[in-house]
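Fold and geometry: a report
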Amino acid sequence: MSDLVVDIKDLWVTLNHSFILREVSLRIHQGVFLGLIGPNGGGKTTLLQVILGLVKPDRGQVQVFGRPAGHHKNRGLIGYVPQRAFADLAFPVTVFDVVMMGRYPRIGLWHRVTSQDRDRVLQKLEAVEMDHLRDRPIGQLSGGEQQRVFIARALASDPQMLVLDEPTSGVDNRAQGAFYHLLGELKVSLSLTVILVSHDIGVIPYHTDEIACLNQKLYLHGKSTEVLSSEALKKVYGCEVEVLVHGKIPHRVIGEHHD
Amino acid sequence: MIEIFQLGFMQRALVAGIFIAALCALFSVFVVLKRLSFIGVGISHSAFGGVALGFLLGINPTITAILFAGATALLIGFVNRQGRLHEDTAIGIFFALNMALGILFIGLSRSYNVDLFGYLFGNILAITRGDVVLVLIVAPVIFAVILSLFKELLFLSFDEEVARVSGVAVSPVYYFFLLAMAVTIVIAIKLIGIVLVSALLVIPAAAARQFTTNYRGLALCSVGIGVVSTVAGLFLSCWLNLASGATIVLFAGVLFCVSLLYVRLRGI
């Protein structure tokens, strides 16, 4: 089996007669941490939904783990952390219950939770350092803590790929740094492929292996450092881009202006 | 007071009532968590068209009511899934259409039918031995199935999109839930009435939610509130000669107010 996890060829998606995605081709290899960036309304979330099998392409081929996107055999192989926080803060579930939900595809319909499932859930909570809050109602956690719990839920089915849609919206800056650091660690320790959607182009390059820029079309895709210095980044956003690169000393890289 | 429970109709109402209340209360957990209150109203009122057709054609109204309520449940669910019309719009349309059909059918049958009012507002005197047998067979089966789908229903109430990505068969589970709710509503309407049955699909969990912060406690407490309201409501209605459905619903309403008070007092 090749190490290709996602293979998209000439993908087109329309909604209400207007193009959301056009001629997108993208290949993601096993073990890569990909940052998917682009302006709002550029189709980032739609591309994720296509990969997850939630949105059907109008044209093109989308293969995930060598099978069409949304194939039932991919069940449990993809962990998903959605963009929005959940609506109901008083929903009567604990942190442990929420992570257990992620285990359901492994448990299966009509089957009961076993002690092995419980151990697995605890293990994931430890991986995101949230095990001490396992009996708390989910609504009582901060935004950053909730996101960690949702990562644990995404990991609970022992997936091979983690897909995150702007996971740091509503999380304060300090927690964001720790959050990205955790993702990098999990990627290595669990040999995960990670797709992270963000409009935060200042932080993403530092944490990812590759970057893809999307604004209806896929403008470029390559190593994070190369993409940043590229002229094409401007095309995606349609204006001059200012990038903050984190290093030992944070510094700004400002693209040269060409009239 | 004890003599009341020695009356045949009261025994039948109690047995059927306890099973129906427990089942409705279990549904109410997801009705409240997934915000489906008005689907319950839409489905129960759509049963009116079915009941009236049953009377017109001389068929057992329970059968026609199940057909109408089931079809309406699936239609509302379908419109909701399609996302082109809002759910409340669909409920508003089907609710009125089924009521209109019901009124048309009554007109066509050209006979003033007292039984019809029993279906609208509930009538414990109308509960036959056959009705009790039906409840005793159907209610435990639906109860067991909903319990066995509990974790999937919980997941899709909490976060439907993630549930779908995780491989939960969201649409089949959702449609099945609505169909089971339609059947439950129909077997409950003789006791509670079409107009009031949706209250038993909302109030128990809404009240229970004030007392508990975990879903197991919520389900248990909700079933408890449903059963207590039904037994107390039946007893009061018989003792004070009041309408049974209305008394049960009002008793549940009182428990809901108590739950709000409890929160207020605990808050201080």
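Refer to the structure printed above.
Here the structure is a predicted model, which means the values were calculated and not measured. (Residues numbered from 1 in each chain as written. Chains lettered and ligands numbered in written order. Predicted model: local features only at pLDDT ≥ 70, side-chain atom pairs only at ≥ 80, totals over all residues. Heavy atoms only, no water.)

Residues and elements named next belong to chain A. The four strands lie next to each other as S2-S1-S4-S5, forming an open sheet whose pairing is antiparallel. Strands with a single pairing partner mark the edges of an open sheet, and in this sheet they are strand S2 (18-29) and strand S5 (67-68). Here strand S1 (residues 4-15) pairs with strand S4 (residues 59-64) via five bridges, running antiparallel. Its bridge partner lying in S4, Lys9 is registered against Gln61. Against the sheet, helix H1 (residues 44-52) contacts S1, S2 and S4, and its axis sits at roughly 120° relative to S1. (Pairing = 2+ DSSP bridges. Helix = DSSP H or I, 4+ residues; strand = E, 2+ residues; numbered from the N terminus. Contact = heavy atoms within 4.5 Å. Axes fitted to C-alpha atoms, helices over the stretch in contact; angles between N-to-C directions.)

Residue and element names in this part refer to chain B. Within the structure shown, the criterion is met by zero disulfides over all chains. You can see Cys221 has no disulfide; the closest cysteine sulfur is in Cys257, sitting 15 Å from it. Taking the relative accessible area as the measure of exposure, Cys257 reaches 47% and is therefore partly exposed. (Disulfide = S-S within 2.5 Å. Buried < 20%, exposed > 50% of the residue type's maximum accessible area, 1.4 Å probe, protein only.)

Summed over the entire model, instances satisfying the criterion amount to 13 aromatic pairs over all chains. Between the aromatic rings of Phe150 of chain A and Phe158 of chain B, the centroid separation amounts to 6.4 Å while the plane-to-plane angle is 45°, which identifies the pairing as tilted. In this pair, Phe150 of chain A is assigned in helix H5 (residues 143-155) and Phe158 of chain B in helix H7 (residues 150-158), connecting two distinct chains. Where Phe179 of chain A meets Tyr180 of chain A, the ring centres are 6.1 Å apart and the plane angle is 70°; that geometry is what we call edge-to-face. Taken individually, Phe179 of chain A and Tyr180 of chain A each receive the classification buried, so the pair is uniform in this respect. Arg81 of chain B extends its terminal NZ or CZ atom over the ring of Tyr174 of chain B, reaching a point 4.2 Å from the ring centre. Over the face of the ring belonging to Tyr104 of chain A we find Lys151 of chain B, whose NZ or CZ atom lies 5.7 Å from the ring centre. (Phe/Tyr/Trp six-rings, centres within 6.5 Å; stacked < 30°, edge-to-face > 60°. Lys NZ or Arg CZ within 6 Å of the ring centre and 35° of its normal.)

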